[in-house]
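Each chain, letter by letter, is given below.
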Amino acid sequence: MADYGIGATDEIARLSLGQDVAEPEPSPPPNITSPGIVAVDITQKFAQAAKTLAPGELVKDGFFTLFESVSALEIMDPKMDSGCVKPGDEFEELFDVSRALDPQEVLGVMDQLLCHEMSWHMGYPLAQTILTSVYVEALLMPVPSSIDQAYFVRHGKLDANRQPMLQEEDFVTNTYHRTLLINIPTSVIQQALAEAKGLLTSQRASIGEELTDALTSRLELRRIFLDAAECPQHVKDAAKARQPWEEAQAVLPKISATHALAKPVDEAFSAKLQRKLASTMPPRPIVELGFDDAFGHLSRLFADGLEVISILDYVDSQCLLTFVLTFQAKKPQPLVYVRTLLQTFLFNAMEILGSMSIRQLLDDDFSIISLPASVLLDRVNDEIEAVQDPRFAMSQQMEFFRQRAAQPFLDILRTACQNRSRVRRTLCHTIREWESLQVEAEEIDQILQVKTKEKPMVHQPSMSAPPVESYALSLSSWTYLYKLRQMEWIVQLGFELEVYQPDELGGMYWYLNYLSKSRLQHSERIKGFIVHKAEEARSQPQRPDPMADEQLQKSLAHTRLSLLDAAVTWELSDALCCLYTVLGRLDLVKPPPRPYSNDDLRYDLRMKPFVAVGFPALPNFHEFTAGVTQSESSSQELLEYAERAAAGAKRGYEALSKLSAKESFSVGSHTRWAASVKGALRSTIAAGIAISSVQKALSRQTSKGGPLGIKAEVPTPDKAYHEWWIVPKIVPVAP
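Given the structure is predicted, the values throughout are model-derived calculations rather than measurements. (Residues numbered from 1 in each chain as written. Predicted model: local features only at pLDDT ≥ 70, side-chain atom pairs only at ≥ 80, totals over all residues. Heavy atoms only, no water.)

J.: Got a sec to walk through the overall build of the protein? Specific residues and values, please.
T.: Across its full length, the protein carries 22 helices and four strands. The 735 residues of the protein split such that 46% are buried. Of the contacts made within the protein by residues no fewer than 6 positions apart, 76% connect residues no fewer than 24 positions apart. (Helix = DSSP H or I, 4+ residues; strand = E, 2+ residues; numbered from the N terminus. Buried < 20%, exposed > 50% of the residue type's maximum accessible area, 1.4 Å probe, protein only. Contact = heavy atoms within 4.5 Å.)

J.: Can you tell me about a negative patch on the surface, naming the residues and giving the values?
T.: Taken together, the side chains of Glu632, Glu637, Glu640 and Glu643 present a region of like negative charge at the surface. With respect to the helices, strands and loops of the structure, Glu643 is situated in helix 21 (residues 635-657). With relative accessibility at 39%, the residue Glu643 sits in the partly exposed group. (Patch = residues over 30% accessible without salt bridge, like charges linked within 9 Å, V, L, I, M, F, W, Y side chains within 5 Å. Areas by Shrake-Rupley, 256 points an atom, 1.4 Å probe, with all protein chains shown as cover. Salt bridge = Lys/Arg side-chain N within 4 Å of Asp/Glu carboxyl O. Lys, Arg positive; Asp, Glu negative; His and termini not counted. Charge placed at Lys NZ, Arg CZ, Asp CG, Glu CD.)

J.: Which residues make up the packing of helix 16 (residues 474-496) against helix 17 (residues 505-539), and what values do they have?
T.: Contact geometry of helix 16 with helix 17 gives a least axis separation of 10 Å together with a crossing angle of 160°. Regarding the angle of helix 16 to helix 17, the classification is roughly antiparallel. The interaxial crossing formed by helix 16 with helix 17 has left-handed handedness. Residue classes in the contact of helix 16 with helix 17 are distributed as 13 nonpolar, six polar and four charged. (Axes fitted to C-alpha atoms, helices over the stretch in contact; angles between N-to-C directions. Parallel < 35°, antiparallel > 145°, perpendicular 65-115°, else oblique. Left-handed = near helix turned anticlockwise from the far one by under 90°. Nonpolar A, V, L, I, M, F, W, Y, C, P; charged D, E, K, R; others polar.)

J.: Lay out the nonpolar core with the relevant residues and their values.
T.: Membership of the largest hydrophobic core comes to 146 residues, with the highest contact counts inside it found for Phe302, Ile311, Phe345, Leu346, Trp478 and Tyr509. The element best represented in this core is helix 18 (residues 546-585), accounting for 14 residues. Two domains share this core, each providing at least three of its residues, namely domain 1 (103-154 + 167-309) and domain 2 (314-460 + 468-657). In contact with Tyr509, other than residues within four places in its own chain, are Phe495, Ser573, Leu576, Cys577, Tyr580, Trp724, Trp725 and Ile726. (Core = buried A, V, L, I, M, F, W, Y, C linked by side-chain atoms within 4.5 Å. Domains from an automatic or database assignment.)

J.: Break down the pattern of salt bridges for me, with residues and values.
T.: Taken as a whole, this structure holds 31 salt bridges when the rule is applied. Taking the shortest distance from any N to any O, the salt bridge between Asp363 and Arg359 comes out at 3.4 Å. Of the two residues, Asp363 and Arg359 are both situated in helix 13 (residues 358-369); the distance of four residues between them amounts to about one turn of the helix. Arg594 serves as the salt-bridge partner of Asp503, at 2.8 Å between the closest nitrogen and oxygen.

J.: Tell me about the side chain of Thr415, and please be specific about residues and values.
T.: Summarising the element assignment, Thr415 is placed in helix 14 (residues 390-416). Of the residues examined, Thr415 reaches a relative accessible area of 5% and is grouped as buried. A distance of 2.6 Å separates a polar atom in the side chain of Thr415 from the backbone oxygen of Asp411. In contact with Thr415, other than residues within four places in its own chain, are Val423, Thr426 and Leu427. (Polar contact = N/O pair within 3.5 Å; in protein donor to acceptor, adjacent residues only side chain to side chain.)

J.: An account of the pairing of strand 3 (residues 710-713) is requested, with residue identities and associated values reported.
T.: Side chains Ile710 and Ala712 project from strand 3 onto a buried face, and the interleaved Lys711 and Glu713 project onto a face without burial. Strand direction decides the pairing type here: strand 3 and strand 4 (residues 729-732), joined by four bridges, are antiparallel. Looking across to strand 4, one finds that Glu713 is bridged to Lys729. (Pairing = 2+ DSSP bridges.)

J.: So what's going on with the confidence of the model for the protein? Which residues, and what values?
T.: Mean pLDDT over the protein works out to 85, with 85% of the residues at or above the 70 mark. By mean pLDDT, helix 1 (residues 8-16) is the weakest element of the protein at 34, and helix 16 is the strongest at 96. Residue range residues 1-24 is modelled with pLDDT below 50. Its contacts to residues more than four positions away, or to other chains, number 35 contacts. (pLDDT = per-residue confidence, 0-100.)

J.: Can you explain the packing of aromatic side chains? Please cite residues and give values.
T.: One pass over the structure, following the stated rule, counts 24 aromatic pairs. When the ring of Phe409 is compared with that of Tyr482, the centres are 5.6 Å apart and the planes differ by 85°; the resulting orientation is edge-to-face. Here Tyr482 lies in helix 16 and Phe409 lies in helix 14, a separation of 73 residues in the sequence. Taking relative accessible area as the criterion, Phe409 reaches 5% and is therefore assigned buried. Given the relative accessible area of 1%, Tyr482 is considered buried. Between the aromatic rings of Trp478 and Tyr482, the centroid separation amounts to 5.2 Å while the plane-to-plane angle is 65°, which identifies the pairing as edge-to-face. Within this pair, Trp478 and its partner Tyr482 are both found in helix 16, separated by four residues, close to a single helical turn. Put simply, the rings of Trp510, Tyr511, Tyr514, Tyr603, Phe610, Phe621 and Phe624 pair up and form one aromatic cluster. (Phe/Tyr/Trp six-rings, centres within 6.5 Å; stacked < 30°, edge-to-face > 60°.)

J.: Could you give an account of the environment of Ala647, with specific residues and numbers?
T.: When you line up the elements, Ala647 lands in helix 21. Ala647 sits in the partly exposed class, given a relative accessible area of 33%. Sequence separation between Ala647 and Ala687 is 40 residues; the distance between their C-alpha atoms is 9.2 Å.

J.: Can you break down the environment of Val677 residue by residue, with the values?
T.: Turning to its location among the elements, Val677 is positioned in helix 22 (residues 670-704). Residue class for Val677 comes out buried when judged on its relative accessible area of 7%. Those residues in contact with Val677, other than ones at most four positions away along the chain, are Tyr653, Leu656 and Ser657.

J.: Go over unusual backbone geometry with me, naming the residues and quoting the values.
T.: That bond from Lys331 to Pro332 is cis: its omega, -5°, falls within 30 degrees of zero. Looking at where Pro332 falls in the secondary structure, it is placed in the loop between helix 11 (317-328) and helix 12 (336-347). In this structure, the amide linkage connecting Phe615 to the following residue, Pro616, adopts the cis form with an omega of 5°. Structurally, the position occupied by Pro616 is in the loop between helix 19 (599-607) and helix 20 (621-629). One non-glycine residue, Lys453, lies in positive phi territory at about 55°. Even without being a glycine, Glu498 presents a positive backbone phi close to 60°. Along the chain, Glu498 falls in the loop between helix 16 and helix 17. Using a relative accessible area of 51% as the deciding quantity, one classes Glu498 as exposed.

In structure tokens form, the structure reads like this:
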């Protein structure tokens, strides 16, 4: 194929598509005068040979690989060939980085780099953002080994490097086999920034007060950003870690106010630089992000970064979990850099927040949920060496469970730090791990039940039923509660991410109701054992242990919160299920055309994440259909039931909204938690209004006849009061 030349690639492409080859016009041989080369025009022979091929047939040399074939088709295609140069254009970027810039132009370059940097934070590749800067390319090629070599002009014109307006910002690490001064210590970069600020101060008279302050504020932002990037080093000193993020709040307004002084230097950025990068990607246009948008993202990055530092003020495991869940649920979601910073605080060097072991975090959580003031968590057990001592077995079994539960528990926090779509996908996989953990927890509970000589709690389900003995099964209860919560999150994130079609919402709210009912029953069981333990502690003749009493009270507070949260989820999901069922009966919510799907297949798809879960048992398709359609109830009966459920959910959310940060286990994130509760409260009110509107329309139709005179509008999650509660809006229509 090498003999055919580049011009043959078009013919190859046409032959592969089964197109006929027209008789080409004779073309003159190329004008090659180099000695030792004999040029032969093979166009006619190639055309004749191509005519012998059947449509779609290809002829390929054995040594001509698939990669080479695709590359040949890409050659001279401007969309695919990074080396393709348009007629009259230059291959290299001719911008002279040594030319002097006006202060306004330097300001323009710095602001444009800031826009590119924020584009990179938004997820665009460096090849389309920062690495399109001619200044960056000149600074990095070849890679400087020290700050003294970090000049735009390396050879000759040394005076050009000493021009005041050639000062530049530092950059962060990149890919494409490029390094952004990562071998130069941060302290040296900080010193260079300080020298640049000093130089600007000395030039204040010639540059002008306003421009000097504008340039200085941008250099100051770089210093602050470098300090903020190193805040994980101060994980044990929250005040010091918070300092650079607070300083940024004072600098940002100055940058925004002086952007109007900037003069763009468009030729200082070029997509041609992509040709020099180690990449298999075809050329892509430069990402153009407006300064206002970029500055908005930058402001949000520093605001979220400042908020993340609050996680260092540890209170307990549940407050930590609430902080992570509410922070990552913010809209818009924090940028990747901030979420990575949060993960660094949580898991760096196998320590939680730089000061806690994983065991401390787990034991704290055990004591809150199901093991308050328990002998199983007593550190004295670890010192027992006598094998026959029950405490030795307790220590062994608890340590085995900690080792088994540590990864799944930490995965909840780690998963929450990802984007929302990935959170749901990951939960669909990790739920199987929790199912296996529950089986192991039940076995360990039975061993500990013997070693602790636990006495069963006797209770009577009803007046007519005989007394029942039951054991706490504390570890499996802890595991089961978390499993249920994650199953609910999977369904709720499906609403937030618009996984379900409008006609599926009723069914998924029915399943959410099914899960929340299971969690409510389980929370009631946990509460029963904790209340029983608290009563036993108060009945002891000796003086109660203040620490043990505090743990019992905290655990009781958590069970009350868990019960209330499960109850409102049950009530509101029940109300919305009934409402959507009625809307489906009235053809106000219609299914879209699905020529390749049916109800059975969609059920299998939606329930696929829960197939591996043994308990709570997954309803089969017929049970699911019967629960959603509720064919034995009339539409009026369903609406009346939905009205009562929505009213119950409203009362529950009102009670939740009155809880303090301590009572709601949201210390450090109470504002976000309360905002989520208020959004859900508004959803209950909207659900009540929608139910009432449908009731009135049905009554009017019954008495007067004719059409309903209403239509249902299902909002997208971003238009709803809460992303997990998609309440339809009932709108009157003209007859």
